[in-house]
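Listed below are the residues making up each chain.
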Amino acid sequence: MLFQKVPNLSKIDTSKIERIQYPKNKEAFLTQLKSQLTADQCRIIHYGDSQIEGDRMSGYIRNKLQNLYSGNGPGFTPIAQVYDNISAVVIASENWTRHAVFDRTTKKFDHKMYGAYTTFSRFTPYLDIVADSINTDTLQLVKAKITVKPSKMTYLRMRKYTNIGFHYGNAQLPTAVKVFADGTLIKVGDLITDGNYHDFKIPLTVTPDELIFEIEGKMSPDFYGLTLDGDEGIQLDNVAMRGSAGTIFAGLNSKNFSQMYTALDPKVIIFQYGGNSVPYVKDSLEVENYVGYLKNHINWLRRKTDNASVLYIGPADMTTTENGQLKTYPLLPYLIDRLQLMCKENDIAYWNTFNAMGGENSMQYWVDQKLAASDYTHFSLSGTRIISELFFLSLYMDLTNK
């Protein structure tokens, strides 16, 4: 597949670009990655902490890759929204609630079926017919609604999607779905009540200005979200987990996760974690323990894929107050060193955000330039764009042998 837009590197000193670090088999890694990116379809799932909330970083990377290898749509979006998402407009009726395995403020469900996107939404409270001895005749029918529109705040390619996935599981009672495109009823169906993961697919010929889901049932299934994709090329999902350190995957229901991964078939996985562990690790042993846990969770997830390529975007500089002065957290450089080693030993490509920023104590400069927030942890929108650009340039140079 030919490139559609080629970045102009003639005015950039590429020797200053922080390059991606690869395992020993760099050529084999890149050969496989190129093959995956240029396939008829390539789903990429970008897991990360609050640095990627609202499609930050993911949106920029998705747009660049879709311009190079074709593709449309913003990919995954949850139903119950908890933060602004610039890439898709999703309006849910007020009876939807959101349940995330990484949310420490809410009770976790014993079934552990949170799906590939680690979160689900419901329009009725959770009940188990058997365990809670529910007489289903006493339950009332409940209606719910979801409205989806293209976002005017995002890239043009993400405003077009014709391949809609409506992902759900754990359905215990019949649930009816009607789908309207610009006021015209285009699909009617009943969800499958076997408790397994399923995708209620909606194929379209053109992107509607307004897509409406009307749902009715006595007991809500767990809805893992929507995927808004094109019919070919790059499909990239943003899966942001506020407060997470990336060590939640192996605690999920393996069968449920595998069923969803079989359907989604991701070819590339990007992880972006580490920052949330920095304030809490007290010594080098705790750093090594964290990296060991993280490795186990990454490998648990990777075993669910069909030999997906894995990339890791490392933590940024973070500062704390020491004797009245702002300084990089003392254990952050050691954490980055351990993460790089773990990636190298586990066939994972690593990009060093910390070095790309300028290294130790660089966060102060980014805050002064309004490229990072006053919490000295998160990038601003302009800072996010710069970091995303630096990462993509490094990836692009490797994909094109620059």
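Residues numbered from 1 in each chain as written. Predicted model: local features only at pLDDT ≥ 70, side-chain atom pairs only at ≥ 80, totals over all residues. Heavy atoms only, no water.

Student: Is there a simple way to think about the sheet that holds strand S13 (residues 233-240) in this case?
Tutor: Strand pairing in a sheet relies on backbone hydrogen bonds, with the paired strands running either antiparallel or parallel. The 5 strands are arranged S13-S1-S14-S15-S18 in an open sheet whose pairing can be described as parallel. Across the chains shown, the open sheet's two edge strands, defined by having one partner strand only, are S13 and strand S18 (349-351). Within this sheet the neighbouring strands show an average axis-to-axis angle of 20°, counted without direction. Taken together, the 4 bridges between strand S14 (residues 266-272) and strand S15 (residues 309-313) define a ladder with parallel strand orientation. Following the sheet pairing, Phe-271 is matched in S15 by Tyr-312. Contacts from helix H2 (residues 58-69) reach strand S1 (41-48) and S13 within the one sheet, and its direction differs from that of S13 by about 175°. Helix-sheet contacts for helix H5 (residues 332-345) involve S15 and S18, and the interaxial angle to S18 is about 155°. (Pairing = 2+ DSSP bridges. Helix = DSSP H or I, 4+ residues; strand = E, 2+ residues; numbered from the N terminus. Axes fitted to C-alpha atoms, helices over the stretch in contact; angles between N-to-C directions. Contact = heavy atoms within 4.5 Å.)

Student: What's the story with the sheet that holds strand S3 (residues 88-92) in this structure? I'm lost.
Tutor: Strand order in the open sheet formed by 5 strands is S3-S6-S11-S8-S9, with antiparallel pairing between adjacent strands. What marks the edges here is a single partner per strand, and that holds for S3 and strand S9 (184-190). Across this sheet, the average inter-strand angle for adjacent strands is 15°, counted without regard to direction. Strand direction decides the pairing type here: S3 and strand S6 (residues 142-150), joined by 5 bridges, are antiparallel. Across the sheet, residue Ala-88 finds its bridge partner in S6, namely Pro-150.

Student: Please clarify how the packing of aromatic side chains should be interpreted in this entry.
Tutor: Each aromatic ring pair is characterised by the separation of its centres together with the angle its planes make. Taken as a whole and assessed by the stated rule, the structure comprises 22 aromatic pairs. On the numbers, 6.4 Å between centres and 45° between planes, the contact of Phe-109 with Tyr-114 is tilted. Across the pair, Tyr-114 and Phe-109 agree in class, each one buried. Judged by centre distance (4.6 Å) and plane angle (40°), the rings of Phe-257 and Tyr-261 are tilted. One end of the pair, Phe-257, and the other, Tyr-261, are both in helix H3 (residues 254-264), 4 residues apart, so they sit about a helical turn from each other. Within the aromatic cluster, the residues linked to one another by ring pairs are Trp-96, Phe-123, Phe-166, Tyr-168, Phe-213 and Phe-223. In this structure, Lys-187 packs its charged tip against the face of Phe-200, placed 4.3 Å from the ring centre. (Phe/Tyr/Trp six-rings, centres within 6.5 Å; stacked < 30°, edge-to-face > 60°. Buried < 20%, exposed > 50% of the residue type's maximum accessible area, 1.4 Å probe, protein only. Lys NZ or Arg CZ within 6 Å of the ring centre and 35° of its normal.)

Student: Would you take a moment to explain unusual backbone geometry for this structure?
Tutor: Peptide bonds are, in most cases, trans, and in most cases residues other than glycine have a negative phi. For Asn-323, which is not glycine, the phi torsion reads 55° and is therefore positive. On the secondary structure map, Asn-323 appears in the loop between strand S16 (319-322) and strand S17 (325-328). Exposure remark for Asn-323: the relative accessible area of 76% places this residue in the exposed category. With phi around 60°, Lys-370 is a residue other than glycine that occupies positive phi space. Along the chain, Lys-370 falls in the loop between helix H7 (363-368) and helix H8 (381-399). Lys-370 sits in the exposed class, given a relative accessible area of 65%.

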